[in-house]
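Given next are the chains, with one letter for each unit.
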Amino acid sequence: MLVDKMIPLILGAAATVGAHAADYASPKSFGVGRSQIVISSSQETELLNYEMSGTYAYPAASINFFWITGDPWSNGPSTPTGQAAGVDYSIWRFYIDGESVPSVKLQMSQAAFVGNADSSAPWDNDFFGKNSKFGGWHVNIPIQFQHSVRVTIKLPEWWNGTERVFAMCRGVEGLPNRIGSFELPPTARLVASVSNSSELAPLGFHELVNVPLGTSGLMLGTMIDITMYGAGAESLNTLEGCWHAYSPPDTPFPGSFVLGTGAEDYPESAFYFNAGPYRGPTSGLTVMKPGANLSLVSFYKLHHKDPFFFNNGFKFQWRNGDITDPETGEKCTVVTGTPIGTPSFVNVTTLSYLYTW
């Protein structure tokens, strides 16, 4: 017999600090754990619906942890990296401060910066990880709000059937969040920017992020999932592509500066990731499967150790392959010319975490 248990968590002192005018409350934890609930592709299942209850010196709260695991006997599709489970593709929606449309919407495996729903485990860092062969996905990226948050889970529309899952979600009221040594402003909002490019031609540009003029913030990190196909896929010359940062976003090419002198250089590797997969605290290569007509690469980079701020909007691009400037011998600086090697056509999916205020 299945039991659906909902276990709320609310901890912390409600006592005020002295007799000061603000009468600020102490930070308070909140959360929920649910077991063997059924999620489907037809409707959202509510996991948490929470309103702030105190007045704080730091006038904000945040979700700081969410986790899911589920039935290993999945009816999910086969992928190039193995059999997928419903929890891998589960969609988490975070409705901030009364939103009718969620400003944060995340596929679980992508939220943990893994492409192709790769099920390799165990691994972990300060922001996400996967500690079980079946599920065990978790994310510890702060999702701030100032009044309320509602959290739901759903399977994607193309999924066939339902899944039984265990899920948890926790947070704190009145406690500042830090990215590296920087304290986020109470009004900082998480932006989870998902971008897709299908049939991107050699030397084409993929835009990951475009934050409008007048907006300040920081970029926490990026995951990119690249599928190279057809002629040139085996060469991996697509990975010659440079990364360009523009702030303000209308800065001319090659941008304000180059964030990576090749696809693999940005996540702190080199030579087309020739050392193989790795998962580190600031970068990782989660999928590397080269092939004659199909090559898969997925990797991530986090910026909490080398903070990346913008003060007047921001645009971020990656290029499919690149060009050597015949005058200087350098890459990343010219728009037109002959590509290095034979980059292939690619399909690209990226997820970038930013905070804006």
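Our structure is the block above this text.
What comes next is a walk through the structure. (Residues numbered from 1 in each chain as written. Predicted model: local features only at pLDDT ≥ 70, side-chain atom pairs only at ≥ 80, totals over all residues. Heavy atoms only, no water.)

1. Digging into the environment of Y56
Summarising the element assignment, Y56 is placed in the loop between strand 3 (45-51) and strand 4 (61-70). With relative accessibility at 6%, the residue Y56 sits in the buried group. Residues Y56 and L175, 119 residues apart in the sequence, show an inter-C-alpha distance of 8.4 Å. Once you skip the residues sitting within four places of it in the chain, Y56 turns out to touch Y24, A25, S26, P27, K28, E173 and G174. (Helix = DSSP H or I, 4+ residues; strand = E, 2+ residues; numbered from the N terminus. Buried < 20%, exposed > 50% of the residue type's maximum accessible area, 1.4 Å probe, protein only. Contact = heavy atoms within 4.5 Å.)

2. A few points about the packing of aromatic side chains
A full pass over the atoms with the stated rule returns 27 aromatic pairs. Taking the centre distance of 5.1 Å and the plane angle of 50° together, the rings of F308 and F314 count as tilted. Its relative accessible area of 8% is what places F308 among the buried residues. In this structure an aromatic cluster arises from ring pairing among W243, F257, Y266, F273, F299, F308, F310, F314, F316 and W318. We note R150 situated over the ring of Y95; from NZ or CZ to the ring centre the distance is 5.1 Å. Positioned over the ring face of Y246 is K315, at 4.6 Å from the centre of the ring. (Phe/Tyr/Trp six-rings, centres within 6.5 Å; stacked < 30°, edge-to-face > 60°. Lys NZ or Arg CZ within 6 Å of the ring centre and 35° of its normal.)

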